[in-house]
Amino acid sequence: MNAPGMPNHDPSRFSYYVTDAFYADLVAAYTDWQRDDRVVDDIAVRERVRLLLEREARLLDQYRYEEWLTLYLPNFVYWVPATPDGGDPRVQVAVTFDDRRRTEDRIFRFRTGYAWSQAPPSRTVRLIGNVEVFRTASPTELMVRSNFITSEFWDNETRMLTGWAGHRLMQQDGHWLIQCKQVNLINCDQSLRNPSIIL
Amino acid sequence: MLQRSGNGGGYDWDELVQPDRVHRLIYADPEIFQRELTHVFGAVWVYLAHESQIPNNNDFITGKLGLRPIIICRDNDGKVRALYNRCTHRGTTLCRWEKGNSRSFQCPYHGWSYLNNGRIRGVPWPDGYAVDFRDPKFNLAQVPRVESYRGFIFGTLNMDAPSLANYLGPIRKPMDEWIDRNPGGKIVVCEANRLKFKGNWKLAYDNSADGYHVIYSHRSLIETEARFNDGEKGMSYYKNSPDKLAMYVAYTGNGHHYKDKRPNLQKRDGGLWAIESFHPGMEHVAEKLRAQLGARAEAVLDYAGSEPMNINVFPNLSLLGNHIQVIEPVSVDETNAVWYGTKIEDVDGTIGDDVLREINTLRMRTQEGFPNLGEVDDITNFEQIQRGLACLEDEWIYMNRGMDMPERFRTDDEGVIYGPATDEVFMREYIMKWKRLMQSEPQLTVQREP
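Conventions and cut-offs
- Residues numbered from 1 in each chain as written.
- Chains lettered and ligands numbered in written order.
- Predicted model: local features only at pLDDT ≥ 70, side-chain atom pairs only at ≥ 80, totals over all residues.
- Axes fitted to C-alpha atoms, helices over the stretch in contact; angles between N-to-C directions.
- Helix = DSSP H or I, 4+ residues; strand = E, 2+ residues; numbered from the N terminus.
- Parallel < 35°, antiparallel > 145°, perpendicular 65-115°, else oblique.
- Contact = placed C-beta atoms within 7 Å.
- Nonpolar A, V, L, I, M, F, W, Y, C, P; charged D, E, K, R; others polar.
- Core = buried A, V, L, I, M, F, W, Y, C linked by C-beta atoms within 7 Å.
- Buried ≥ 20, exposed ≤ 12 C-beta atoms within 10 Å, placed from the backbone.
- Domains from an automatic or database assignment.
- Pairing = 2+ DSSP bridges.

Caption draft 1: Representation of the packing of helix α11 (residues 296–304) of chain B against helix α12 (residues 353–388) of chain B in the model. Residue and element names in this part refer to chain B. The N-to-C vectors of α11 and α12 enclose an angle of 40°; their axes lie 8 Å apart at closest approach. For the element pair α11 / α12, the angle class is oblique. Residues V300, Y303 and A304 of α11 form the contact with α12, whose own contacting residues are V355, I359, L362, R363 and T366. In terms of residue class, the contact of α11 with α12 is built from six nonpolar, one polar and one charged.

See below:
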C-alpha cells in the first residue's frame, strides 16, 4: 500500500484527486442516469458486468481486500450517502465518502487487531440481483444499478443490510474498472448499528 | 444484592450512586429509565434542535423530548415552538415526516387539524359535537419553555427550572469559543452520521469527555493514523502520559463538562490543521489554498480541522470536533447517537465564497472520519458494557480515577473543577447531579395556547 519510491501523487498515500472537478463530474454522473432509453440489452455486456459485481461480492465476503481493490481504478470513491436521494457530497456529510487512501485506512484498521467493532469480524453473504446496465455519453463508461441483500452475522446476530448500488465503470485497457461505488442503504438516513463493514 | 427500598421512587439513590462507584441498575433497570424520562428528560433543559434546521417561518423538523414525539417548528409569526406531535383527539402522531415546511398539521386518522402555533384549526363535522372547540384543551400540548442559546434550541417542562442561560452557566464559555472559531460564529447543520447502540444512553454521556479510554478503545484508529510514520496526527498525543500534557478536563456544574485538547496544539494559524489525520481531498485543497491565499491559508484550513474540544451539555448534547452529537434514549438498553455535521457561514465576507465552498466540502470529509473509524469502536464497547451488566451479582461500576488525589485538581472562582485529561472527576460530578434530579420531585407541565 505504501511502496517506497512511489511518486508523491500515489493515491494510496496522498489525496490529490478529490478536486472540484472530480466532485462535479461525480455528481453529474449520478444524476438522471437510470433511463430506459439507455438500458444496455447486449447479453455479453450484461454478463461481463454481472460477473464483475459477483466477483466483488465474493472478494468482500472473503476479506480479500487487495484483490477487491484491483477491481477499482486508482482514483476511486466508495460512497454511502446519508440521504435516500444520494445528496451532494460537497455540501452534506455522507455515511461514508472514502477515497483510495481512506479505504486502505479502513482495511488497515480492520487488520490492526484492535478494531473492536470488527473483533471478531462480521461474516457476510451478499446477494446481488436486478442488475441493469446503462449507457452513458461516453463509450468507455457505463453505469450499473444492482439491488443487494447482505446478511451480516456479528455479535451472535444475523441482520440484513439492504439497498441498491450504483457502480460507475470505466474501460481501461479493455477492462471495466470501478470508478465509484455508491451504496444506497434503504435506511441510510436512520441510525445504523455498527456500520463498520465495507458494503 | 441491592434491594429496592422506600424513598424517591422506591430506590435508595445514595446506595445506587456512591462517591466512587455506581450500581449497575442505573444503566439496566427499566423503571429507572422510566423515571429519567420525567426527572431528567423533562425536568432540565434538553437540547431539541439547531436553529439552522428551521431557518424560515413554517419550517419544521420532528424529534423527541425523551420519548415524547415532538414537532420543533418556527411558526407563522417566527416563534420557535416545540409542539407535542400528538393529536388531542385520539393521541395519533400528526406528522410523520422528518422535516418540511407547513403552516398546519392535519391528523391522518380523523382529520383534526392544527395551526403550527398549536391552536386547533378545525375538525370534520363539528355539528356532531356538543363542545366548544375554542376551549384551549383542544389545542396541542406544547413544551412550555423553549429558549435558544446562540442557535441551540432547548426546552423544558419544568416551570421551576432556572433560565437557560443560568442552567448552562460556565459551559457557555467553551460553547462560545467553539461557535466563534470561524468569523461571525455561524454554523449550519448539514445531515448526520447516525449511529445506534444497544446500551443505556448514559454510556455515551460518560464517554464524551473521557480521556482515559482513547488509547485503548481507539487503538485501531491511532495505529491507522500513524501508519505512514509522518508525525503527530489525530489523537496521537494520547500515546504517552496524556495527564502530563496541557490538555485538561473541566466540570462546570449542572452535569455539564468539557475536555479541552486545544492547549496541546502549536499556537499558530494552521496548528490545528497540522495534526489533522487523513481525509479525502485534503492535500489538494491545502495546496490550492496556500497558492491562492499565501499565509492566510493556514487559518482558513483550521476551519476544516476538527476542533479539539469535547463539550457536553447535560443530558443530551455534545459538541465534538465539528459535530453536534445528540444522544437520543430509545429504551433502557438502546440509544441513538446522532452526529450532525456542520458547515460554516461567511457572515462578514472575510473568507470569500469560493474558499468557503472548498473549506466546507473538506469539512464534510474531516467530519466523516471519526464516526467511521473511531466511534464504531466506542459504541461496540458501550454494548459490551451493557452485556457485562447482566452479571447480577457483580454490581458496581467504578468512576474513581483521580479520586482522593486533590493535587490533581483545582477549582476556580466560578466553581469549575479542572483536572488531568484522563480523570473521571466529571463522571462523578455529573452522576451526583443526576442523583439529585432522580431524588427530586419536579412539577412538569405542558402549555396550550389560550
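Caption draft 2: Up close: the nonpolar core. Residues and elements named next belong to chain B. Within the largest apolar cluster, 125 residues are counted, with the highest numbers of intra-cluster contacts made by L48 and I72. It is helix α13 (residues 425–439) that contributes the most residues to this core, eight residues altogether. Both of domain 1 (46–149) and domain 2 (170–436) provide at least three residues apiece to this core. Core analysis: the next-biggest nonpolar cluster, separate from the first, contains 19 residues, W273, I275, V285 and Y303 among them.

Caption draft 3: Broad picture of the pairing of strand β5 (residues 80–84) of chain B. Residue and element names in this part refer to chain B. Counting buried residues along β5, four of its five residues qualify, which places the element largely inside the surrounding structure. In this sheet, β5 lies alongside strand β4 (residues 68–74) in antiparallel orientation, the contact comprising five bridges. When the bridges of β5 are listed, I70 appears paired with Y84. Hairpin connection, β4 to β5: the antiparallel pair is bridged by five residues, and G78 has positive phi, about 90°.

Caption draft 4: Examining the environment of K79 of chain B more closely. All names here are of chain B. On the secondary structure map, K79 appears in the loop between β4 and β5. Residue classification places K79 among the exposed residues on the basis of 12 C-beta atoms within 10 Å. Remark: the alpha-carbon pair of K79 and N116, spanning 37 residues in sequence, is separated by 9.8 Å.

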